[in-house]
Amino acid sequence: MAELLTERTVLTTLAALAVLGMFVLLCRARRVSTSVEDATLAALHRVTSAAPYLREGLNQESADKTGPHLRELLACVAVGIVDADGTLLTWDGEANHHYADLRTKIEQVLRTGKRDFLDHGDVVCEQRPCPMRHAAVVPLEVEGQVRGVLTVIADGDRKRLLRAAAEVAHHVSTQLELAELQESKERLAQAEVRALRAQISPHFIYNALNTISSLIRTDQEHARDLLQEFADFTRYSFRASGLYTTLADEIRNIDRYLTLEAARFGPDRLNVQLKIAPEVLPVVVPFLALQPLVENAVRHGLANKPGGGTVSVIAEDSGSEALISVDDDGIGMDPELLDAELANAHLTGAHVGLGNINNRMRATFGNDYGLVVETEKGAGMKVIMRVPKFAPGVRPEPLAPVDEPEVGLAAGPAAGR
């Protein structure tokens, strides 16, 4: 994930340099009385107007929205955008009757990745006067692969057209590469969520159901409440969409998990302390950011400790951040051994939840927001998480409604704490 972010930063810098190059080119091309500053601001407006659509990837909708901005930026007759399959996505402007003459050039550029040029004198044209004088066909490349073609029709100087078309194509390519990096980042985040779901212990599911079944004959009301908690826990944990959620929803799911585990271990072996400041409940966190930390405390910290112990979850208001900690007084572990296990977690499966969440926190909020782990053998473990109250692009997605039949145990009230 760090490599993706670094590459994205480099590409953004390159895009900025390309934009500056276009500014200089456009300012030199202008022979009107407007100032260089006005020309620069106008060019900047057109570039920034096109960028959001290009970040959506190359498709007909984004091409239709991008074409007019690129044509204004180039001050040309027409702009055409073709995808990697040779399909014309958009044509903004005049001279579309010459598209058929450009087909061979477009196919060649898609095949070779080298730009080409067509002069009006090289084709048969019955339209008088024809707005086209020259046409440039330039590849749109992402990581060395041709993703499409930009075609520019102009009525001016051939040399200036080639330079301008190349600069704009480079800018478009950079935005498309950023779009693919963003898509890769989202796919990686989804994969990490799936990994956390897969890590939800099958033993926990088995033990929870076994505990419920043992109570059906002796305490039906308690069994019904636990079954409802189990249903709500699995519905939340395995929901189909959403990379982010609110701290309130995460705490609610932790409460369900601990309710089920307390029923299995008994109140004498598993004590639970939840201390949550109301001010931080709306804070947005990565989905399933806390439950694996609590499960780690129960499974690795307390399950093997004679007599059990206490798990504490505390969330405090800390100015512009929420300060969250998951603490247990279990068996703890050697810090150096924990570092080694985290380094090989992708191979061994040990403490994979800690490494996963650490990576997701840093990828979402920045490198300063990784987990802090305090532990020592025999002294328990404390995991500290800092979460900014506001972060660009980090928004919770509501849980999709699920139709549930109103039958028997599933219709019972949720357990209180």
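Reference entry: report on the structure contained in this document. (Residues numbered from 1 in each chain as written. Predicted model: local features only at pLDDT ≥ 70, side-chain atom pairs only at ≥ 80, totals over all residues. Heavy atoms only, no water.)

### Some points on the environment of Glu177
Here comes step 1: Tracing the chain through its elements places Glu177 in helix H5 (residues 158–199).
Here comes step 2: With 34 residues separating them in the primary sequence, Glu177 and Glu143 have C-alpha atoms 7.5 Å apart. (Helix = DSSP H or I, 4+ residues; strand = E, 2+ residues; numbered from the N terminus.)

### Digging into the sheet that holds strand E2 (residues 88–93)
Here comes step 1: Read across the open sheet, the 5 strands follow the order E2-E1-E5-E4-E3; overall the sheet is antiparallel. Looking at which strands have only one partner, the edges of the open sheet turn out to be E2 and strand E3 (116–119). Direction aside, the axes of adjacent strands within the sheet are offset by 15° on average.
Here comes step 2: Packed on one face of the sheet, helix H3 (residues 60–74) meets strand E1 (78–83), E2 and strand E5 (145–154) and runs near 35° to E2.
Here comes step 3: Sheet strands in contact with helix H4 (residues 99–112) are E1, E2, E3, strand E4 (134–142) and E5, and its direction is about 150° off that of E5. (Pairing = 2+ DSSP bridges. Axes fitted to C-alpha atoms, helices over the stretch in contact; angles between N-to-C directions. Contact = heavy atoms within 4.5 Å.)

### Things to note about the nonpolar core
One broad rule of soluble globular proteins: the nonpolar side chains tend to lie buried together.
Here comes step 1: If you look at the biggest cluster of nonpolar residues, it comprises 51 residues, and the most contacted ones within it are Leu290, Leu293, Val294, Val311, Leu371, Met385 and Val387.
Here comes step 2: Look past the residues within four positions of Leu293 in its chain and what remains in contact with it is Val326, Leu354, Ile357, Leu371, Val383 and Met385.
Here comes step 3: Residues Leu70, Val142, Leu150 and Val152 belong to the second largest nonpolar core, which totals 24 residues. (Core = buried A, V, L, I, M, F, W, Y, C linked by side-chain atoms within 4.5 Å. Buried < 20%, exposed > 50% of the residue type's maximum accessible area, 1.4 Å probe, protein only.)

### Observations regarding the pairing of E1
Sheet faces and side chains relate simply in a regular strand, where the side chains alternate between the two faces.
Here comes step 1: In terms of residue burial, E1 counts as a mostly covered element, since 6 of its 6 residues are buried.
Here comes step 2: On E1, burial covers both faces: Ala78, Gly80 and Val82 on one face and Val79, Ile81 and Asp83 on the other are all buried.
Here comes step 3: One ladder, built from 5 bridges, connects E1 with E2; its direction is antiparallel. Looking at E2, one finds that Ile81 is bridged to Thr90.
Here comes step 4: The hairpin turn running from E1 into E2, its antiparallel successor, is 4 residues long, and Gly86 in that turn takes a positive phi close to 85°.
Here comes step 5: Taken together, the 6 bridges between E1 and E5 define a ladder with antiparallel strand orientation. Paired with Asp83 across the bridge in E5 is Gly148.

### Focus: the pattern of salt bridges
Here comes step 1: A full pass over the atoms with the stated rule returns 10 salt bridges.
Here comes step 2: Residue Arg235 pairs with Asp232 through a salt bridge whose shortest N-O separation is 3.7 Å. With Arg235 and Asp232 both in helix H7 (residues 220–237), this residue pair falls 3 residues apart, about one helical turn.
Here comes step 3: A relative accessible area of 13% means that Asp232 is categorised as buried.
Here comes step 4: In this structure, Lys389 and Asp317 form a salt bridge, with 2.6 Å as the shortest nitrogen-oxygen distance. Of this pair, Lys389 sits in the segment after strand E12 (381–388) while Asp317 sits in strand E9 (residues 309–318), and the two are 72 residues apart along the sequence. (Salt bridge = Lys/Arg side-chain N within 4 Å of Asp/Glu carboxyl O.)

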